[in-house]
Structure formats: structure tokens, C-alpha cells
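Listed below, chain by chain, are the residues.
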Amino acid sequence: MDELLGKVLGRTKEKCSHMDKREFLKTSGVLVASTLFSKLNAAQTAAGSRTNWAGNYSYSAKNLDLANTTEDVRHSILGHSHLKALGARHSFNGIADSPEEQISLKHFDQIDLDAKAKTVTVGAGVTYGQLAPYIDSRGFAVHNLASLPHISVVGACATATHGSGNKNGNLSTAVRAMEIVTAKGDVVTFSREKLGDNFPGTVVGLGALGVITRITLEVQPTFQMTQVVYEDLSFSQLEHHLEDIFASGYSVSVFTDWQNHRATQVWIKRRVDQGPHFNPNTDFYGAKPASRNLHPLAGHSAENCTEQMGIPGPWYERLPHFRMNFTPSSGAELQSEYFVPREKGYAAINAVEQLRDQITPHLFISEFRTIAADDLWISPCYQRPSMALHFTWKPEWPAVKSVLPLIEEKLAPFADRPHWAKLFTMSPDRLRSRYAKMPEYKALLAQYDPNGKFRNEFINRNIYGG
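Values in this document were obtained by computation on a predicted structure and should not be read as measured data.

S.K.: Can you lay out the overall build of the chain for me, pointing to particular residues and giving the numbers?
M.R.: When helices and strands are counted, the chain shows 14 helices and 21 strands. By residue count, 59% of the 466 residues in the chain fall in the buried class. At a minimum sequence separation of 6, the contacts of the chain that also span at least 24 residues come to 73%. With an accessible surface of roughly 18,100 Å², the chain has 50% of that area assigned to carbon and sulfur atoms.

S.K.: Describe the environment of Leu-131, naming the residues involved and giving the relevant values.
M.R.: By the element assignment, Leu-131 lies in helix 4 (residues 128-136). In sequence terms Leu-131 and Ile-111 are 20 residues apart; their C-alpha atoms lie 7.3 Å from each other. Those residues in contact with Leu-131, other than ones at most four positions away along the chain, are Ile-111, Val-120, Val-122, Val-126, Val-142, Val-153 and Leu-217.

S.K.: Give a description of the nonpolar core that names residues and reports values.
M.R.: Judged by nonpolar contacts, the single largest core of 126 residues is most densely connected at Leu-131 and Trp-420. Tyr-59, Leu-64, Leu-66 and Ala-96 belong to the second-largest nonpolar core, a separate cluster that totals 5 residues.

S.K.: I'd like a rundown of the packing of aromatic side chains, residues and numbers included.
M.R.: Enumeration according to the criterion identifies 18 aromatic pairs in this entry. Ring centres of Trp-315 and Tyr-316 lie 5.5 Å apart, and the angle between their planes is 75 degrees; this geometry places the pair in the edge-to-face category. On the accessibility criterion, Trp-315 (0% relative accessible area) is buried. Grouped by ring-pair contacts, the aromatic residues Phe-235, Trp-258, Tyr-338, Phe-368, Phe-391 and Trp-393 constitute a single cluster. Over the ring of Tyr-435 we find Arg-417, and its NZ or CZ is 5.2 Å from the ring centre.

S.K.: Now, about helix 8 (residues 235-246): what can you tell me, with residues and values included?
M.R.: For helix 8, which comprises 12 residues, the first-to-last C-alpha distance of 13 Å sits more than 12% below the rise-based estimate of 16 Å (1.5 Å per residue). Among all positions in helix 8, only Phe-235, Leu-238, Leu-242, Ile-245 and Phe-246 are buried. Viewed along the axis of helix 8, the buried residues span an arc of 105 degrees, placing them on a single side of the element. Tucked inside the fold, the buried residues of helix 8 contact strand 13 (224-234), strand 14 (251-256), strand 15 (262-271), helix 9 (345-353), strand 19 (363-371) and strand 20 (386-393).

S.K.: Could you give an account of the pairing of strand 18 (residues 334-341), with specific residues and numbers?
M.R.: Regular strands have side chains that alternate between both faces of the sheet. In terms of burial, strand 18 is a largely internal element, 8 of the 8 residues being buried. In the sheet, strand 18 pairs with strand 20 via 8 bridges, with the strands oriented antiparallel. Bridge pairing in strand 20 links Glu-337 to His-390. Across 2 bridges, the pairing between strand 18 and strand 21 (residues 417-418) is antiparallel. Bridge pairing in strand 21 places Tyr-338 opposite Pro-418.

S.K.: Kindly report on the confidence of the model for the chain, identifying the contributing residues and their values.
M.R.: Summary statistics for the chain give a mean pLDDT of 88 and a share of 87% for residues scoring 70 or more. Every residue in residues 1-48 scores below 50 in pLDDT, and together they form 103 contacts with partners more than four places removed in sequence or on other chains.

S.K.: Go over the environment of Lys-453 with me, naming the residues and quoting the values.
M.R.: Assignment of secondary structure puts Lys-453 in the loop between helix 13 (438-448) and helix 14 (457-462). Each C-alpha atom, one on Lys-453 and one on Gly-210, is 8.6 Å from the other, the two residues being 243 residues apart in sequence. With residues near it in sequence (within four places) discarded, Lys-453 still touches Ile-77, His-80, Ser-81, His-82, Leu-83 and Ala-183.

S.K.: Go over empty space enclosed by the protein, please, and point to the residues and values.
M.R.: A complete count under the given rule lists 1 cavity of 30 Å³ or more for this structure. What the largest cavity holds in volume is close to 40 Å³. Lining the largest cavity are Tyr-128, Val-142, His-143, Asn-144, Leu-171, Ala-174 and Leu-217. For the lining of the largest cavity, the per-class residue count stands at 5 nonpolar, 2 polar and no charged.

S.K.: Let's hear about the environment of Phe-199: which residues, and what values?
M.R.: Here Phe-199 shows up in the loop between helix 6 (192-195) and helix 7 (200-203). Sequence separation between Phe-199 and Trp-377 is 178 residues; the distance between their C-alpha atoms is 9.2 Å. What Phe-199 contacts, discounting residues up to four positions off in sequence, is Val-175, Arg-176, Ala-177, Met-178, Phe-190, Ser-191 and Arg-192.

S.K.: Quick one: what's the story with the pairing of strand 20, residue by residue and with numbers?
M.R.: Counting buried positions along strand 20 yields 8 of 8 residues, so the element is predominantly enclosed. Of the two faces of strand 20, the one lined by Ser-386, Ala-388, His-390 and Thr-392 and the one lined by Met-387, Leu-389, Phe-391 and Trp-393 are each fully buried.

S.K.: So what's going on with the pattern of salt bridges? Residues and values would help.
M.R.: Taken as a whole and judged by the stated rule, the model has 16 salt bridges. Among the salt bridges present, the one from Asp-273 reaches Arg-271, with a minimum N-O distance of 2.9 Å. Residue class for Asp-273 comes out exposed when judged on its relative accessible area of 54%. The partner of Asp-416 in a salt bridge is Arg-434, and the shortest N-O contact between them spans 3.1 Å. Here Asp-416 is found in the loop between helix 11 (397-411) and strand 21, whereas its partner Arg-434 is found in the loop between helix 12 (428-433) and helix 13, with 18 residues between them in sequence. In this structure, a network of salt bridges that share partners links the residues Glu-337, Glu-367, Arg-369 and Lys-422.

Rules behind the numbers
Residues numbered from 1 in each chain as written. Predicted model: local features only at pLDDT ≥ 70, side-chain atom pairs only at ≥ 80, totals over all residues. Heavy atoms only, no water. Helix = DSSP H or I, 4+ residues; strand = E, 2+ residues; numbered from the N terminus. Buried < 20%, exposed > 50% of the residue type's maximum accessible area, 1.4 Å probe, protein only. Contact = heavy atoms within 4.5 Å. Areas by Shrake-Rupley, 256 points an atom, 1.4 Å probe, with all protein chains shown as cover. Core = buried A, V, L, I, M, F, W, Y, C linked by side-chain atoms within 4.5 Å. Phe/Tyr/Trp six-rings, centres within 6.5 Å; stacked < 30°, edge-to-face > 60°. Lys NZ or Arg CZ within 6 Å of the ring centre and 35° of its normal. Expected span 1.5 Å × (residues − 1). Arc of directions from axis to C-beta. Pairing = 2+ DSSP bridges. pLDDT = per-residue confidence, 0-100. 1 Å grid on protein atoms, 1.4 Å probe; cavity = no way out; pocket = protein on both sides within 12 Å on 5 of 7 lines; lining within 4 Å. Points joined across faces, edges and corners; volume = space filled by probe spheres on them. Nonpolar A, V, L, I, M, F, W, Y, C, P; charged D, E, K, R; others polar. Salt bridge = Lys/Arg side-chain N within 4 Å of Asp/Glu carboxyl O.

Right, dumping it as C-alpha cells:
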């Protein structure tokens, strides 16, 4: 084990090797599982647990192993020719599926905070909804969160899932080390200190390098935030003031239904300790301040959304759009997302808007967010500040599947990169061409998984083209 992870795990100032049961039940809302290593096939698994959370994807893996220890993980890996780790089931495609076996590490619920090093190491089963209140109560925060806190830390980082903010990298950029069990059953630590220039190739690994058992993140002092929502922002304001609009808060989201050349809502999340601050009762580039809490989807109750109206609160209760103990977004839905260079953001929006008549019959809502550039080889934000165009679709896959190629063709001039864990139809050749470091990434896969134990249909198609 390398020096960094050893320090985090061995000389922790504040340690929670096994969270108190009452605290765990409170923060996760689920029962502490049995300590026995078990295997469940499709017939034994509870109803719905063999699909992803949205219900649009059914896993084909014959069995699901439930691991409690690293030795359990090694046993499962060595006992199968093909295996993939299953996280919180928030991916919309087959990235976590396997032709043979899946393994769940949801019982890996340890959280170890090293206040001196400003790092936190979490087990592979920990979600951001569990992590955030724990570290906040001890005076710390992570730099950003996704729109919903239900996702696992490991799964989010492995797929370059992101929050928002011109100066905020995706969630993966906080990773400092990972403990991984490789195809040979070796327990190894990946860190920049150990791997040097190759470390950025492992962080967004798509689960293809091995099974991550623990991950270490950088943390910072905790902070308070406010959230203000505005309604009806003209796209003409985005055309002329896009940079200013997305720089108006620590995290900014712009929602649209692609009708009437306007954004339906703008959500601005600001740190209390950072300016500038705006009067929530003042117009924002012509958009009107909301008079009540809103859900991004018209007609939906805002009960499951995070607090708005400029009321200060902890970072983890403002950065996500949705609260932990409520159904996120609309529930039954499909999602797609494409990243383009931020300076081309309005041109990309304008191009997609031409498809509004094809898009809107099947759409719940779209969202625009900005993300800082990073150095992670197959991150959609690799070496370019980005804007993400997100689509939350009605559960109408045949219709959505026919619309996605139209969107991808409109975005092709902007060298769009799809979110790895969401739905897209881009050809493997075009996808791979978007990543200059793809050959080096494939070389890492060959080094750590020479026989393709962690490969599946998704990896074979999109990484290898087969």
C-alpha cells in the first residue's frame, strides 16, 4: 500500500472504520446487511434490484456477489472469467453489466477522515449522501456534488460524473488514491505518487481496471451556501452574456424545454463566504426571481428539491438539486448528456434548438452546466473547459433512440463527448477519436487486465470497437 493511502488509513486523526449503526441508518436509510458473504441469482434477488434505478436497463449478469471484505472481492474475482462491480445502479446503460458475474460492495461503508492531510477515504459502497453529512459534521466538505446525492462515490468518479461551476472540476478531480483488486487478485494502490503521469489514466477507469474497494478524496473546510431560482431567461441573453451568467455563482444550472427560445429556470448556488451576492428579489438578465421553491419539471412538487429562496444552509444541502431521502428527478426516466467546449456553448445550444420539434415530445427537461478542464485521460472535460447539454427523457427508448443520432450530428462540429454512464448512439470510432489519450488508456487496460476479465459489451464496443 502506498504512502498516501497508508497514511490516510493508518494514522487517521478522526476515524470511523465502521460507522455507528444508528448514524448509518440515519444517513443512508437502508438496513445494515448481513456480515456473511453471499451470492444471489436473479430469482433470489428482490424485485427490481436486477435493474438500474430508473428501470430502463435490466442486467444480464447471472449472479450478484455481495462482498464484505477485500478477501471476498479477491475470491470472487479469481473465481470468474468475467466480472463487473455494480454500484448504486445509477447508470443508464450497460457499463456495469457483465456476461457472467457482478459484485456489489455496498457493505463497504467505512469512512476514514484524515483532518491533517485533508483527505477522506471511503469504502466502495458509500454514497455522497452518506459521506457529505459525516465530513460536514467534522468541519469539511468536498469541492462539488452532482445534482443528486444518491450515487456512490466510487461509481461517480469512475465515470467522470460532475456537478457544475466554471472553476469546479468534475467529481473525479478530487481523487487522490484508489485501492483496487486487479484481475490477478492483487490488492494495489493507485496514486499519483505511485503511478506518476499514468495516474490520470486510472481515475476515470470505467470499472475496467479492476474492482475499486476504497477511494481517497481531497477535502476542504466546510462552507455555507444559498440557492436562488429565476424563471424565463431568454436565449438571447445566453448568446450575449453566457460567460457572465455561468460565472454568477459557485454552481449554475440552466433548464429549458426548448420552447419559445428561452430557459424555463436558472438555479444559482453561491457560497456565503464568496461574492458577488445578488438581491434575490432582483431580476437576473431579464429573468424573474421565483416566488416559491420550484422543481425543474413544471407541475412537480418541490418537496424533493433542495432549499431555495436564498436561505443559507450547508453545502451538501444546496449543491445537489434533489434531497437524499426523496426520489430524485422524475424517477422513471432516461438520461443523455454531451460535453462541448465552453466557448462554443451557445453555438451548440443554438444547433440543438433546431431539433426542438423532434425533441420536446419525448423530453422532460434539459439542463446546461459548465465544468472546469481536467487532466484525466478519458474524462469528457479532458483539457478543455466544458459545457454539458443534458437531456432528461420520458421512458420512451425507441423514440429517444431515434432522436439521439440527430442531436449527435448537430453536436459533431463541436467534438462532443457523451457522458460515459448515460445513453448515446455515437459510433465507437467517433467516440474514440474524441480522446487523444485513448491508446494510452487501452495500454493500461492491457497491463492490469490482459485477459479482459473486466471487459463487457459496453467496453468491447466503445473502447475496442468490437
